[in-house]
Amino acid sequence: MTSPLARIESHPQEAKRLIGIDYEQFLALVSLAEKCHLEKRAEIERNKTRIIAPGGGRKPEISSKEGICLCLIYLRQKPIFEILGLLFDISKTKANDTFNYWVEILREVLPASQIEEVEKDSKKYQDLRKILGEYELIVDSAEQAIERPVDYQNQKQYYSGKKKMHTLKNQFIVLPKGEDIVDVYVGKLGKTSDIGLFRETRHKFNVEQKFIGDKAYIGDNAITTPHKKPKKSEISQLQKEQNKQLSSRRIGVEHMICRVKIFRVASEKFRLSRHRYNRVIMAVCGLVRLRLNCSWFLSVNN
């Protein structure tokens, strides 16, 4: 059986279909992730009490490059861990452990949004907020199905009346035309309203910041929304044209959500442990940003 990594290396043009990013982007990601991996290993070596000589002990079953490929295969294709283990000739437990290790590395090296990229630097954060004020940002949310919680009270918390299932809700705020993810907030309870979720994160932006949203955001003065049809009446032709123009401007966020859902772990029912949800989906958002703008990633890499 040909391993996924061997297939990608012999047919680079298939990389995006198999792992969600181009082969060149994959190589750049491997370079940065391995650097982070070696730093972690060095830190462990400094703090451990050594019993055997350096270089002793059990050798890794798969290389760092294979581990990163395994992680991307799961995010993009979402096979069960038994199948993932077969693909890389390791046990399902080792496949699970490898995925969890490398997804943490991806979270560290791939900022999920522009705000996450600069939030630790106060000056850069304020500069970004000022620049964003020149745009009308687009906001929307998406829900993802989860396994029904066992506890009845938890069932009520996660139940989405809109989707008629138990879900987690994610909010995306993007640049016009969906050029980049400005902010993402994931893992909110399914029962949370879109406008309620937006108001929880509104403080991240300047007071003057303007947004575009759908009818779920009617009632917030900061968001331009479509005209809503009055009860037992119709909207005017002018209002219909305005709605059409607004939809054409708002479509960028729909395209961004579609790019996120290319990774099956973010579109199909989430079957991993609930506490893994945030880091997995945020890692996917980082990969989407890499997929959209490799030059940004390479500048970070350098």
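Our structure is the block above this text.
What counts and what doesn't
- Residues numbered from 1 in each chain as written.
- Predicted model: local features only at pLDDT ≥ 70, side-chain atom pairs only at ≥ 80, totals over all residues.
- Heavy atoms only, no water.
- Helix = DSSP H or I, 4+ residues; strand = E, 2+ residues; numbered from the N terminus.
- Buried < 20%, exposed > 50% of the residue type's maximum accessible area, 1.4 Å probe, protein only.
- Contact = heavy atoms within 4.5 Å.
- Salt bridge = Lys/Arg side-chain N within 4 Å of Asp/Glu carboxyl O.

Participant: Run through the overall build of the protein, naming residues and quoting values.
Facilitator: Each helix and strand in the protein was counted, giving 13 helices and 6 strands. By principal-axis analysis of the C-alpha atoms, the protein measures approximately 80 × 45 × 40 Å. Here the protein holds 302 residues, and the buried ones make up 47% of them. Nonlocal contacts in the protein, meaning residues at least 24 apart in sequence, comprise 65% of its contacts between residues at least 6 apart.

Participant: Any details on the pattern of salt bridges? Residues and values, ideally.
Facilitator: Tallied over the entire structure, the rule returns 20 salt bridges. Between Glu-117 and Arg-289 there is a salt bridge, with the nearest N and O atoms lying 3.0 Å from each other. Within this pair, whereas Glu-117 is found in helix α7 (residues 114-118), its partner Arg-289 is found in helix α12 (residues 277-292), the two being separated by 172 residues in sequence. Here Asp-220 ties to Arg-199 by a salt bridge, and the two come within 3.2 Å at their closest N and O atoms. With Asp-220 in the loop between β5 (210-212) and β6 (223-224) and Arg-199 in helix α10 (residues 194-201), this pair connects stretches of sequence that are 21 residues apart.

Geometric values such as these leave the question of function open.
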